[in-house]
Amino acid sequence: MSTQLLIGGRIHSPSSPDATSMAVTGGTVVWLGAERPGRALYPDAEIIDLDGAFVAPGFVDPHVHVTALGLQLTGLDLSGAGSLAECLSLVGEYARAHPDGVIIGEGWDETRWAEGRPPSPEQVDAAAGPGRSAYLVRVDAHSAVVSTAVLDAVPNIVAAEGYTRGEPLRAQAHHLARTAVLDRLDRAQRDRARRAALDHAAARGIVAVHECAGPEISGRADLAELLDFEHGVEVRAYWGVAVRTADEARTLAKELGVHGLAGDLFVDGSLGSHTAWLREPYADGAGTGTSYLDVDAITAHLRACTEAGIQAGFHAIGDAAVSAVAEGVSRVAAELGGPAVAARGHRIEHAELLDADAIAVFARYGVLASVQPGFDAVWGGPDGMYAARLGAERAAALNPFSAMAAAGIGLAIGSDAPVTALEPWAAVRAAAHHRTPGHQISPRAAFAAATRGAWRAGGVRDGVAGTLVPGAPASYAVWDAADLVVAAASDTVQRWSTDPRSRVPGLPPLDPGAPLPRCLRTVHRGTTIHAV
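These figures come from a predicted structure and were not determined experimentally. (Residues numbered from 1 in each chain as written. Predicted model: local features only at pLDDT ≥ 70, side-chain atom pairs only at ≥ 80, totals over all residues. Heavy atoms only, no water.)

Chemist: Outline the environment of glycine 438, listing residues and values.
Modeler: Tracing the chain through its elements places glycine 438 in the loop between α18 (424-432) and α19 (443-450). Along the backbone, glycine 438 and alanine 403 are 35 residues apart, and their C-alpha atoms lie at a distance of 8.6 Å. (Helix = DSSP H or I, 4+ residues; strand = E, 2+ residues; numbered from the N terminus.)

Structure representation (structure tokens):
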């Protein structure tokens, strides 16, 4: 079995923070240290000169939608539209360049536009062309504007919950339209999208992703094809459907080949689309959002999955939704015992608006939080979308990463791509520079949540995954990065890059505006999956 010896680099390792060399045999890290002893120990090794590059554990993104991300990368990306007029112009340009097939646009966000309103169906018709099917999904993927041709093609959509004439489709109406549109794609289109998305992930130092699938998101066919798709980026799959019995949970998980009945199992929607489930009404609109699952359904699902030995989880953003999940966890713990619940490592996705009581429940029963700091970076702050939807006081309570971590909740940092960009270093920086003072965590803690924490959220609890220590999988990325620093959660930064006595592995500087590291190579279990 051959050995590779990486030399002349800076290795991020808790066991050898001053290491400049690393040996890999059979896809496993077997040694770290200085170059001279490495050459002596492994005289026949293949030498890989890092030329001063930084080597760190590969990232894991615990919440992605692979095909949707690929469709954005290969198709009509509306995330950069700075106005309603620009959005419609992009739709028109795409329609003229692609005269056949359905138009799928991803990522518009009217809160960034001076007009402050989404496109109307009539405007979409005019931009797409007569009789053309167009589906333009909002950045949060919880509402969409469609052309008249799509409305005409979906039976009973105008009678579905979430349909209001002239407004974006929400709730069940949106799910019906999304399913109908995605069903019109063929396997080749979906495979091109998957290849683009997973290549994109590998080029950003990501070695594994968690696909959060469901019947209203991408469908069974897409999930089956994704699990059958060959790529170097590892895919862990979740299915967002509630069950009521352990037998039902086992049967469904086995039938689909998924790793858990979790991910985007919707308790509510999103703040941007006014569908997150709140205790008090929105500040900029009537109502308290949408509830898809009540406490009884949440409890039944958690009980069934706990008894079946399957990881469960929920999408919950608003305070009412998060509290409903916490109540369900408490009920099942009272029935089956706290250790039984904690052993499963159940998850909550997003968990944006949660209070001290919910934090205490999740910490007590080992519920892991899959969070997206990029949400705060894009929509947080006193003038952001969150403040518009909730008012400044409630918005300031969103995404309290520091309180969650301090209570003992295991954090896993991801993107929800294509909702926010698949850029792990940017997500780590956003967690360390939260828009609300006091909610941030240190860069070191954020990096751990995007590596070790994300592996743990996927059920890997061997103590070495997501690190570079002897015995760990050789899953790493090589980065062109600046001098390494050790930074606290405050503004205090100590530059220990030249002092091996610190015994603390440094990270690239993640100050706002600083250039982020550039990925040179990504390796998963010893196999190169990306190289420049």
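Anyway, onward from the coordinates.
Chemist: Outline the sheet that holds strand β24 (residues 527-531), supporting the account with residue identities and numerical values.
Modeler: Here we have five strands laid out as an open sheet, ordered β2-β6-β20-β23-β24, and mixed in their pairing. Single-partner strands in this sheet number two, and they are β2 (10-11) and β24. Of the pairings in the sheet, the one linking strand β23 (residues 518-524) to β24 comprises four bridges and is antiparallel in character. Within β24, the residue paired with histidine 524 across the bridge is threonine 527. (Pairing = 2+ DSSP bridges.)

Chemist: Tell me about the packing of aromatic side chains, and name the residues and values.
Modeler: Scanning all chains against the criterion turns up ten aromatic pairs. Both rings, one in tryptophan 425 and one in tryptophan 479, keep their centres 5.6 Å apart while their planes meet at 80 degrees; by these two values the pair is edge-to-face. Note that tryptophan 425 is positioned in helix α18 and tryptophan 479 in strand β20 (residues 476-480), a separation of 54 residues in sequence. For the pair formed by tryptophan 425 and tryptophan 479, the shared burial category is buried. (Phe/Tyr/Trp six-rings, centres within 6.5 Å; stacked < 30°, edge-to-face > 60°. Buried < 20%, exposed > 50% of the residue type's maximum accessible area, 1.4 Å probe, protein only.)

Chemist: Quick rundown of the side chain of threonine 3? Include the residues and the values.
Modeler: Structurally, the position occupied by threonine 3 is in strand β1 (residues 3-7). Judged by its relative accessible area of 14%, threonine 3 falls in the buried class. A polar contact of 2.6 Å, which involves the side chain of threonine 3, links it to the side chain of threonine 25. With sequence-adjacent residues up to four places away left out, threonine 3 is seen in contact with Ala23, Val24, Thr25, Tyr42, Ala45 and Glu46. (Polar contact = N/O pair within 3.5 Å; in protein donor to acceptor, adjacent residues only side chain to side chain. Contact = heavy atoms within 4.5 Å.)

Chemist: Lay out the pairing of strand β13 (residues 206-213) with the relevant residues and their values.
Modeler: With eight of eight residues buried, β13 is to be regarded as a mostly interior element. By the bridge criterion, four bridges tie strand β7 (residues 59-64) to β13 in an arrangement that is parallel. The partner of phenylalanine 59 across the bridge, within β13, is isoleucine 206. Of the pairings in the sheet, the one linking β13 to strand β14 (residues 234-239) comprises six bridges and is parallel in character. Along β14, the bridge assignment pairs alanine 208 with glutamate 234. For the crossover from β13 across helix α8 (residues 219-228) to β14, the handedness is right-handed. (Right-handed = clockwise from strand over helix to strand, strands pointing away.)

Chemist: Report on the pairing of strand β6 (residues 54-57), specifying residues and quantitative values.
Modeler: Here two bridges tie β2 to β6, and the two strands are oriented parallel to one another. When the sheet's bridge partners are listed, arginine 10 is paired in β6 with phenylalanine 54. Alignment of β6 against β20, held across four bridges, turns out to be antiparallel. Its bridge partner being in β20, phenylalanine 54 is matched across the sheet by tryptophan 479.

Chemist: Any details on the sheet that holds strand β3 (residues 21-25)? Residues and values, ideally.
Modeler: Spatially, the four strands line up as an open sheet ordered β4-β3-β1-β5, and their pairing is mixed. If you trace the sheet from one side to the other, it starts and ends with β4 (28-33) and β5 (46-49), each paired once. Geometrically, the sheet is characterised by an average inter-axis angle of 20 degrees between neighbouring strands, direction not taken into account. One ladder, built from four bridges, connects β1 with β3; its direction is antiparallel. Within the sheet, the bridge partner assigned to leucine 5 lies in β3 and is alanine 23. (Axes fitted to C-alpha atoms, helices over the stretch in contact; angles between N-to-C directions.)

Chemist: Tell me about empty space enclosed by the protein, residues and numbers included.
Modeler: In the structure shown here, the tally under the stated rule is four cavities of 30 Å³ or more. By volume, the largest cavity is sized at about 240 Å³. As for the largest cavity, its lining consists of 25 residues, of which Asp140, Ala141, His142, Arg178 and Ile217 are closest to the centre. Of all the elements in the fold, those that place two or more residues in the lining of the largest cavity are α2 (66-74), β9 (103-108), β10 (134-138) and α6 (171-182). (1 Å grid on protein atoms, 1.4 Å probe; cavity = no way out; pocket = protein on both sides within 12 Å on 5 of 7 lines; lining within 4 Å. Points joined across faces, edges and corners; volume = space filled by probe spheres on them.)

Chemist: Residues and numbers for helix α9 (residues 246-256), please.
Modeler: Buried within α9 are the following residues: Ala246, Ala249, Leu252, Ala253 and Leu256. Seen from one end, α9 has its buried residues packed into an arc of 135 degrees, which puts them on one side. Of the exposed residues in α9, those oriented more than 90 degrees away from the buried face are Asp247, Lys254 and Glu255. Where α9 is buried, its residues contact α8, β14, β15 (260-261) and α10 (295-308). Trailing α9 by a residue or two, glycine 257 shows a phi angle of about 75 degrees, which is positive. (Arc of directions from axis to C-beta.)

Taken by themselves, the reported measurements are silent on function.
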